[in-house]
Amino acid sequence: MAVTDPIADYLTRIRNAQQAGHSVVEIPASNIKKRITEILYDQGYISKYKFADDEGKQGLIKIALKYDPLTKRPVIQSLSRISKPGLRKYSKSDEIPRVINGLGIAIVSTSRGVMTDKQARSENVGGEILCFIS
């Protein structure tokens, strides 16, 4: 079965792996998913990642999920898809929404690449709001 929304599939795989308590999740790779993975790592939501390009024709992304050492709860509390294939959500740079008053991040696809909401605001570029992570 072909996945109609690969980004929603990516977020769901991470969500499901966390609920099942897995330490590593494997996701089919694409350039946009690789960039989202890099952002998650830079923002401290995941502990490690590896791009395995030898697996099949599109490759795999292996993500080591991060859990709180004391409570054992996942660091990522919520992943929500905002712009969907049936209903795209675009925002100007000064109208990009704040996630939990700046505690979470929004991932934005801009003309200068995929970046966080803070980067998009500082570079003064708008774009498609892909997802919210907190």
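Residues numbered from 1 in each chain as written. Predicted model: local features only at pLDDT ≥ 70, side-chain atom pairs only at ≥ 80, totals over all residues. Heavy atoms only, no water.

Colleague: I keep staring at the pairing of strand S7 (residues 113-116) and nothing clicks. Help me out?
Modeller: Within a regular strand, side chains alternate between the sheet's two faces. When strand S6 (residues 105-110) meets S7, the two strands line up antiparallel, connected through 4 bridges. Residue pairing in the sheet places Val108 in a bridge with Met115 of S7. Connecting S6 to the antiparallel partner S7 that follows it, the hairpin turn spans 2 residues. (Pairing = 2+ DSSP bridges. Helix = DSSP H or I, 4+ residues; strand = E, 2+ residues; numbered from the N terminus.)

Colleague: Sorry, what's going on with the nonpolar core here?
Modeller: Most often, soluble globular proteins have nonpolar side chains that are buried together. The biggest cluster of nonpolar side chains holds 24 residues, and the ones touching the most others in it are Tyr10, Ile14, Ile36, Leu40, Ile63, Ile107 and Ile133. Elements with a contribution of two residues or more to this core: helix H1 (6-19), strand S1 (24-28), helix H2 (31-42), strand S3 (60-65), S6 and strand S8 (127-133). A total of 5 residues in this core trace back to one element, the largest contributor, which is H1. Each residue touching Ile36, except ones within four places of it in the same chain, is listed here: Ile7, Tyr10, Ile107, Val114 and Leu130. (Core = buried A, V, L, I, M, F, W, Y, C linked by side-chain atoms within 4.5 Å. Buried < 20%, exposed > 50% of the residue type's maximum accessible area, 1.4 Å probe, protein only. Contact = heavy atoms within 4.5 Å.)

Colleague: Before we go on, may I ask you to explain the environment of Asp53 in this structure?
Modeller: Tracing the backbone through its elements, the reader meets Asp53 in the loop between strand S2 (46-52) and S3. Dropping the residues within four chain positions of it, Asp53 is found in contact with Lys34 and Gly59. A polar side-chain atom of Asp53 sits 3.1 Å from a polar atom in the side chain of Lys34. (Polar contact = N/O pair within 3.5 Å; in protein donor to acceptor, adjacent residues only side chain to side chain.)

Colleague: Sorry if this is basic, but what is going on with the pattern of salt bridges here?
Modeller: Pairing between side chains becomes possible if they bear opposite charge and their charged atoms approach one another. The final tally for this structure, using the stated rule, is 8 salt bridges. Lys62 serves as the salt-bridge partner of Glu26, at 3.9 Å between the closest nitrogen and oxygen. Remark: Lys62 occurs in strand S3 and Glu26 occurs in strand S1; sequence separation between them is 36 residues. Glu26 gets classed as partly exposed once you look at its relative accessible area, which sits at 42%. Note that Glu38 and Arg35 form a salt bridge whose closest N and O atoms lie 3.4 Å from each other. With Glu38 and Arg35 both in helix H2, this residue pair falls 3 residues apart, about one helical turn. (Salt bridge = Lys/Arg side-chain N within 4 Å of Asp/Glu carboxyl O.)

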